[in-house]
Amino acid sequence: MIKHRIFWWLLMPLLLAGLVWLASNNEGYVLIVRTPYRIQVSFNFFLVLYVLSFLGLHYCLRFVHFLRWLPFKRRSKKETLRLKAGNAVLLEGMHALAEGDLEKAEASAKLAQELIQNTDLEKLIQALAAAKNKQGLLFK
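None of the values given here were measured: they were computed from a predicted structure.

Colleague: Mind showing me how you'd approach the pairing of strand S1 (residues 29-34) here?
Modeller: Taken residue by residue, a regular strand's side chains alternate between the two faces of the sheet. Across 6 bridges, S1 lies against strand S2 (residues 37-42) in antiparallel orientation. Along S2, the bridge assignment pairs valine 30 with valine 41. In this structure, the hairpin formed by S1 and S2 is closed by a connection of 2 residues.

Now the structure itself:
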């Protein structure tokens, strides 16, 4: 990795010096003819204009791509935050179940099911309700 950086740090000044030397010794021009007009610019100016237009087009297209995917990324982030909140509530419900508080565990499972929207949680809620009913029958 360090060898690559040293190589590029040594190569860049050499390339820059070569580019400056070529640009200073270049007396060519570009002639664009479109009847009835003729445009004549220096070759160096044309190269700079060409590179800048390429970079401008490239970054404009990247910006359009970013804007195009922005709603999906926002929706995905909201989905991720919703799932994290659902997992936190489900973990809280599991702690309550381990402590023996079935009402809090069932409430947490219902809230987690609303947040996560998973059918497996429906089975968990039904099992908790059955356990609560069973506990209620035992202690009456």
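Here the narrative resumes, following the displayed structure.
Colleague: What should I look at first to understand the packing of aromatic side chains in this one?
Modeller: The geometry of an aromatic ring pair is captured by the separation of the ring centres together with the interplanar angle, meaning the angle of the planes. Here the structure, examined in full by the defined rule, presents 3 aromatic pairs. With 5.6 Å between their ring centres and 70 degrees between their planes, phenylalanine 7 and tryptophan 8 make a pair best called edge-to-face. Given the relative accessible area of 47%, phenylalanine 7 is considered partly exposed. Ring centres of tryptophan 69 and phenylalanine 72 lie 5.6 Å apart, and the angle between their planes is 80 degrees; on these two criteria the pair is classed as edge-to-face. Of this pair, tryptophan 69 and phenylalanine 72 both sit in helix H2 (residues 43-99), 3 residues apart, which is roughly one turn of that helix. Tryptophan 69 sits in the partly exposed class, given a relative accessible area of 38%. Looking at phenylalanine 72, the relative accessible area reads 47%, which means it is partly exposed.

Colleague: How do you make sense of unusual backbone geometry when you look at a structure like this?
Modeller: Glycine aside, residues mostly have negative phi angles, and peptide bonds mostly take the trans form. With an omega of 5 degrees, the peptide bond between threonine 35 and proline 36 qualifies as cis. Mapping proline 36 onto the fold places it in the loop between S1 and S2.

Colleague: Can you help me understand the environment of alanine 127 in this one?
Modeller: Checked against the element boundaries, alanine 127 lands in helix H4 (residues 119-138). Take alanine 127: its relative accessible area is 45%, and that puts it in the partly exposed class. Spatially, the C-alpha atom of alanine 127 lies 9.3 Å from that of glutamate 106, the residues being 21 residues apart in sequence.

Calculation rules
Per chain, the residues get numbers from 1 upward, laid out in the order the sequence is written. Per-residue local features of the predicted model are confined to residues with pLDDT of at least 70, and side-chain atom pairs are confined, for both listing and counting, to 80 or more; whole-chain, interface and lining totals are unaffected and use all residues. The side-chain figures draw on all heavy atoms in the structure; neither hydrogens nor water molecules are used. In this analysis, strands are considered paired if DSSP registers two or more bridges between them. Strands here are runs of E lasting at least two residues and helices are runs of H or I lasting at least four, both read from the DSSP assignment and numbered beginning at the N terminus. Two rings from Phe, Tyr or Trp (for Trp, the six-membered ring) form a pair when their centres sit within 6.5 Å of each other. Planes less than 30 degrees apart are called stacked, planes more than 60 degrees apart edge-to-face, and all others tilted. Categorising residues by exposure relies on relative accessible area from a 1.4 Å probe, with only protein chains included: less than 20% of the type maximum marks a residue as buried, more than 50% marks it as exposed, and the intermediate range marks it as partly exposed.

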